[in-house]
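As a plain string of letters, each chain reads:
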2 protein chains.
Amino acid sequence: MFSESRVLCPQLKSKIMTAEQAAAFISDGDTVGMSGFTGAGYPKSLPRALADRAGAEHKAGRPFQINLWTGASTAPELDGVLAEAQGINMRLPFQSDPTCRKQINNGQMHYIDIHLSEVSQYAWSGFLGKLNIAVIEVTAIHEDGRLIPSSSIGNNKTWIEQADKIILEVNKGQNLKLEGMHDIYYGTALPPHRKPILMTKTDDRIGDSYFRIPPEKILAVVETDAPDRNSPFTPPDATSRQIADHILDFFQFEINKGRLPKELLPLQSGVGNIPNAVLEGLDTGGYKNLTAYTEVIQDGMLKMLKSGTLSSASATAFSLSPVALEELNDNIDFYRERIILRQQDISNHPEVARRLGVIAMNGLLEADIYGNVNSTHVMGTRMMNGIGGSGDFARNGYLSIFVTPSIAKNGAISSIVPMVSHVDHTEHDTKVIVTEQGLADLRGLSPRQRAKLIIDKCAHPDFRDRLHDYFERACATGRGMHTPHILGEALSWHENFERYGKM
Amino acid sequence: MFSESRVLCPQLKSKIMTAEQAAAFISDGDTVGMSGFTGAGYPKSLPRALADRAGAEHKAGRPFQINLWTGASTAPELDGVLAEAQGINMRLPFQSDPTCRKQINNGQMHYIDIHLSEVSQYAWSGFLGKLNIAVIEVTAIHEDGRLIPSSSIGNNKTWIEQADKIILEVNKGQNLKLEGMHDIYYGTALPPHRKPILMTKTDDRIGDSYFRIPPEKILAVVETDAPDRNSPFTPPDATSRQIADHILDFFQFEINKGRLPKELLPLQSGVGNIPNAVLEGLDTGGYKNLTAYTEVIQDGMLKMLKSGTLSSASATAFSLSPVALEELNDNIDFYRERIILRQQDISNHPEVARRLGVIAMNGLLEADIYGNVNSTHVMGTRMMNGIGGSGDFARNGYLSIFVTPSIAKNGAISSIVPMVSHVDHTEHDTKVIVTEQGLADLRGLSPRQRAKLIIDKCAHPDFRDRLHDYFERACATGRGMHTPHILGEALSWHENFERYGKM
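Worth saying up front: this structure is predicted, and the values here are computed from it rather than measured.

What counts, and at which threshold
Residues numbered from 1 in each chain as written. Chains lettered and ligands numbered in written order. Predicted model: local features only at pLDDT ≥ 70, side-chain atom pairs only at ≥ 80, totals over all residues. Heavy atoms only, no water. Helix = DSSP H or I, 4+ residues; strand = E, 2+ residues; numbered from the N terminus. Buried < 20%, exposed > 50% of the residue type's maximum accessible area, 1.4 Å probe, protein only. Areas by Shrake-Rupley, 256 points an atom, 1.4 Å probe, with all protein chains shown as cover. Lys, Arg positive; Asp, Glu negative; His and termini not counted. Charge placed at Lys NZ, Arg CZ, Asp CG, Glu CD. Contact = heavy atoms within 4.5 Å. Buried area = accessible area lost by both parts, 1.4 Å probe. Salt bridge = Lys/Arg side-chain N within 4 Å of Asp/Glu carboxyl O. Polar contact = N/O pair within 3.5 Å; in protein donor to acceptor, adjacent residues only side chain to side chain. Least-squares fit on C-alpha atoms with pLDDT ≥ 70 in both. Domains from an automatic or database assignment. Nonpolar A, V, L, I, M, F, W, Y, C, P; charged D, E, K, R; others polar. Pairing = 2+ DSSP bridges. Phe/Tyr/Trp six-rings, centres within 6.5 Å; stacked < 30°, edge-to-face > 60°. Axes fitted to C-alpha atoms, helices over the stretch in contact; angles between N-to-C directions. Left-handed = near helix turned anticlockwise from the far one by under 90°. UniProt positions renumbered as here; feature names shortened; annotations may be inferred.

**Observations concerning the overall build of chain A**
Okay, so step 1: From N to C terminus, chain A includes 18 helices and 26 strands.
Okay, so step 2: Taken over the C-alpha atoms alone, chain A extends approximately 75 × 55 × 45 Å along its principal axes.
Okay, so step 3: Relative to its 503 residues, chain A shows a buried fraction of 65%.
Okay, so step 4: Of the roughly 16200 Å² of accessible surface on chain A, a fraction of 50% belongs to carbon and sulfur atoms.
Okay, so step 5: Seen as two clouds, the 51 positive and the 59 negative side-chain charges of chain A have centres 3 Å apart.

Below, the structure written as structure tokens:
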């Protein structure tokens, strides 16, 4: 059907142009909503052209910056090139790009770090201002104008609906057989018009396989042929495996106690080495018919689907190594029956996360002895990536598990500190903290009880005595014994690191 | 029907006994779930008898303490007498009692501060341990055993279902005409068996008017005749009125912008002077057919229902002055058509709060220049009351508004500080902060933009220059410019207060 061209709709065929031509539609000061979530499904060609334009304008002494909204993180070809060209004034809702990060932390770029489930409703409500243009990668365009989405959905439906004008990138590099894997839910609305989301299982389909776009909103169609940013898979290291083992023991304990079913509950898992180790562990642990309700399909989940450990997985994007991508493409008919890609306001929706009872597993930068978690700020001031969907799942899921190695920078940093230097997840939301040292189950414990457990179970031995000492001296101050602290010392570990390079 | 007795069920009539006899069923170490939410519907007589028992046991050299779970805060006759008798080992999920607070903060009592919507699921899941006995106040018992709930519902349904044994207090002091005002939803379940909660309007009824109890679980029925703790109404002071005016201006602005309908969206409002001032302002501001989806029906809401400003209100409890209670009792047929009392896992449910698009208005103790909010901890260590339902609504509602006078303790404390000493609501969840000085609309702003706005709009003039100075010097450190801080100084205002009695 798409043998000659990926653009079958005649009305849109006539709008095919180069990225440079399309980039001319974007003006200085525009707010642009681009596709892209964890390095999947982002536009491959227009951002480069736009960056060149920004560069030329700056050279000519004219300002040129956009406000950039996406699903989540993207890739060097989007965030990287635009940031290098000083082309971004404001960025939301998540990023993980080194150049962006640098500009955010030296004050050049404004960054708004938003719960991923909430971006769509804020865009709809007008709280974030007007969205001028959407730039969306798709896999192909049917004759009747229906769009086959790409390897991520993210906020694309919202950008398409909210932007005044749309630029499409049609990427020949995406597998045509993605068709049918997506589930675009058209039942969302602003209050007071919202209805229940009638989903009770992770694999319920509640929407359509295609985006609908009024053709008159489309300014340009750009044809590309490029792969997603697919990073090589790093096998889990010993630390990750130890963390995974603690979590697997905990799951077994909970099953034995009758507090989790033997199929567990839908798994949500952050991206990275530790989650992949947990997935590997589950895959060899005798589990069957698990499910996933998460943001991202990683390598580990494909393996689990293949082995039958996982019966289905719901997400908003892929994040695969080149090897895993090949596996997906080779067996896409198998995976299409088991994977659903949804828009991120549904993949992360509080209503659905609460109903399904998601088990949320996310990384952290540091936790304090009372269970407050910092996921975003290095030494309280410098943005790492962002909160992403961790807050959506940790607050509304059934169990929130936070994972981290107990030390960082070769032992210069303890991940367990007297007081975190920034809070993304409060003591009210943290149920379980795990390091390679052990697992602290905080449910039903008061702050002082939590402190002892977190220090004993999670802190690295090199820091354990100092943490106990802090806690005991805090208790001895005679001030508040609910959450004892020595305020003048609570952030001194971070100060030490800034001054001496070691906590 | 209930002219002679409030206990018509023959099987339960035979279990009528004194509070002292009933208290004998409770043992040292028991976990007891009692009714009660904001001083409404708590047991009036058994806690006193239990406290006496604890006192006698202690005198005899024997230990006697319980773990006490409730809906939220109660009254001196419950929290007060038990705490004074040293009868509470662990308390959850919320309290506001002076004696409890003292014991929590001097380390005598463990306290777990939990989002009010989550208590029920934790009790069901077994995460908090076994519930031994429930002590529940009801209004009356029908011949067939159906129970008419009292002036609050809170966690009563959960305690009744989860406790091994139940003691009922039947309070003649409660109005029999409360019958029919309650809506007990029996559709809850643990995952993976949860279904959508099919509510799309604040006044949808989705349950029954009665509690169901297996009669064999009932150990005792105690008859009482006592009023709820109904505190006199204090008219809003000038500061509260100024705060209310800023919020009313904001609502009008949002309506004019087309971002809120003219009936607003369902209002959730914390208890106290400022919320009452906002309600008063709305009542005289020409609004019609507003709705409320909140925890507590306060004086202001009755007035709004009477005037037609409010068409209906959903909550889990009353918190009325004696005058307002008289008004309620005199016109209860009118109010019964307009008020629904629900269990707190529904009144605060994330699914419903998100769907209805609640406007959440809650108090705070301190906010920092970046919008992080401390609702619970005085100077970072001492518990005031607890987070209550503020997290349920602030995270999942449509708009989260936090309110506070800009100073406390006659100006010794600034409510706006460089860094909060404890975080209950993160920068991700705080949309609007209001003091009598002004309103800071934080939507769509990066941290540095927020800082300037919060200082200029919300801080008291006596502290404004020092806050600007802190922010400017933090920016000048050359460290992270995303959220600039001087770590060694960030909590110095709190230290000053602890040392010198002034920030």
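**Quick notes on the interface of chain A and chain B**
Okay, so step 1: Every contact between the two is made by 84 residues of chain A and, on the other side, 83 residues of chain B.
Okay, so step 2: For the chain A and chain B pair, buried surface summed over both sides reaches about 7300 Å², with 56% attributable to carbon and sulfur atoms.
Okay, so step 3: Sorting the residues of chain A by area buried against chain B places A:Phe127, A:Arg354 and A:Arg395 first, and these three jointly supply 12% of that buried surface.
Okay, so step 4: Between B:Arg479 and A:Glu498 there is a salt bridge, with its nearest N and O atoms 3.9 Å apart.
Okay, so step 5: Along the contact surface separating chain A from chain B lie 35 residue pairs in polar contact (both at pLDDT 80 or more).

**A closer look at the relation of the copies chain A and chain B**
Okay, so step 1: Relative to chain B, chain A is turned by 180° and slid 0.0 Å along the rotation axis, the superposed coordinates differing by an RMSD of 0.0 Å. With respect to symmetry, the two chain copies, as superposed, fit the operation of a two-fold axis. Measuring from the rotation axis to each C-alpha of chain A, the shortest distance belongs to A:Glu351, at 2.1 Å.

**Things to note about the domain arrangement of chain A**
Residue and element names in this part refer to chain A.
Okay, so step 1: For chain A, the assigned domains are domain 1 (10-224) and domain 2 (238-500).
Okay, so step 2: Inter-centroid distance (C-alpha atoms) of domain 1 to domain 2 is 29 Å.
Okay, so step 3: With 45 residues of domain 1 in contact, the opposing surface of domain 2 contributes 45 residues.
Okay, so step 4: With both chains or domains summed, domain 1 and domain 2 bury close to 3600 Å², and 56% of this area falls on carbon and sulfur atoms.
Okay, so step 5: Considering only the side of domain 1, the residues that lose the most area to domain 2 are Met181, Ile197 and Thr202, jointly responsible for 20% of the buried surface there.
Okay, so step 6: Between Arg342 and Asp183 there is a salt bridge, and its shortest N-O distance comes to 3.3 Å.
Okay, so step 7: Here domain 1 is connected to domain 2 by 31 residue pairs in polar contact (both at pLDDT 80 or more).
Okay, so step 8: Looking at the side of domain 1 that touches domain 2, the elements that each hand over two or more residues are helix H5 (98-105) and strand E8 (182-183).
Okay, so step 9: With three residues, H5 is the single largest residue contributor to the side of domain 1 that touches domain 2.
Okay, so step 10: Taken together, the residues of the side of domain 1 that touches domain 2 sort by class into 16 nonpolar, 19 polar and ten charged.

**Topic: the sheet that holds strand E18 (residues 373-374) of chain A**
Residue and element names in this part refer to chain A.
Okay, so step 1: Here three strands make up an open sheet; going across it, the order is E18-E17-E24 and the pairing mixed. Strand pairing shows two members of the sheet lacking a second neighbour, E18 and strand E24 (416-417), which therefore form its edges.
Okay, so step 2: Examined bridge by bridge, strand E17 (residues 366-368) and E24 share two bridges and lie parallel to one another. Bridge assignment links Asp368 to a residue of E24, and that residue is Val417.

**Some thoughts on the packing of aromatic side chains**
Okay, so step 1: One pass over the full model with this rule turns up 14 aromatic pairs over all chains.
Okay, so step 2: A centroid spacing of 5.3 Å and a plane angle of 55° characterise the contact between A:Tyr398 and B:Phe127, whose relative ring orientation is tilted. One end of the pair, A:Tyr398, is in the loop between helix H15 (390-396) and strand E21 (399-403); the other, B:Phe127, is in the loop between helix H6 (119-125) and strand E5 (133-141), on a second chain. One exposure class covers both A:Tyr398 and B:Phe127, and it is buried.
Okay, so step 3: A centroid spacing of 6.4 Å and a plane angle of 65° characterise the contact between B:Tyr370 and B:Phe471, whose relative ring orientation is edge-to-face. Placement of the pair is B:Tyr370 in the loop between strand E17 (366-368) and strand E18 (373-374) and B:Phe471 in helix H17 (residues 461-476), with a sequence separation of 101 residues. Accessibility assignment for this pair places B:Tyr370 and B:Phe471 in one class, buried.

**Structural notes on the pairing of strand E7 (residues 165-171) of chain B**
Residue and element names in this part refer to chain B.
Okay, so step 1: Burial analysis of E7 places six of its seven residues in the buried class, the great majority of the element.
Okay, so step 2: Relative to E7, E5 runs parallel, the two being bridged by five bridges. Directly across from Ile133, in E7, lies its bridge partner Lys165.
Okay, so step 3: Alignment of E7 against strand E9 (residues 218-224), held across six bridges, turns out to be parallel. Within E9, the residue paired with Asn171 across the bridge is Thr224.

**A short note on the packing of helix H10 (residues 299-307) of chain B against helix H11 (residues 322-330) of chain B**
Residues and elements named next belong to chain B.
Okay, so step 1: Interaxial distance between H10 and H11 falls to 10 Å at its minimum, and their mutual angle equals 40°. Helix-helix and strand crossings are classified by hand; for H10 and H11 the assignment is left-handed. For the pair H10 and H11, the contacting residues are Asp299, Leu302 and Lys306 in the first and Ala324, Glu327 and Leu328 in the second.
Okay, so step 2: Grouping the constituent residues of the contact of H10 with H11 by class yields three nonpolar, no polar and three charged.

**With respect to the UniProt feature "active site" (unreviewed entry) in chain A**
Residues and elements named next belong to chain A.
Okay, so step 1: Here, UniProt's "active site" (unreviewed entry) annotation points to Glu295.
Okay, so step 2: Mapped onto the elements, Glu295 comes out in the loop between strand E11 (290-293) and strand E12 (296-298).
Okay, so step 3: Those residues in contact with Glu295, other than ones at most four positions away along the chain, are Phe37, Leu116, Ala315, Thr316, Ala317, Asn348, Gly388, Gly389, Ser390 and Phe393.
Okay, so step 4: A distance of 2.8 Å separates polar atoms of two side chains, one belonging to Glu295 and the other to Asn348.

**Here we look at the UniProt feature "domain: Acetyl-CoA hydrolase/transferase N-terminal" (unreviewed entry) in chain A**
Okay, so step 1: Mapped onto the present numbering, the UniProt feature "domain: Acetyl-CoA hydrolase/transferase N-terminal" (unreviewed entry) falls on residues 11-223 of chain A.
Okay, so step 2: The distance from the first to the last C-alpha atom of residues 11-223 of chain A is 15 Å, and the span holds 25% helix and 20% strand.

**Overview of the pattern of salt bridges**
All names here are of chain A.
Okay, so step 1: Taken as a whole and assessed by the stated rule, the structure comprises 58 salt bridges over all chains.
Okay, so step 2: In this structure, Lys262 engages Glu263 in a salt bridge whose closest nitrogen and oxygen atoms are separated by 2.8 Å.
Okay, so step 3: Among the residues examined, Glu263 registers a relative accessible area of 30% and is labelled partly exposed.
Okay, so step 4: Through salt bridges with shared partners, a single network forms among Glu254, Arg259, Asp441 and Arg443.

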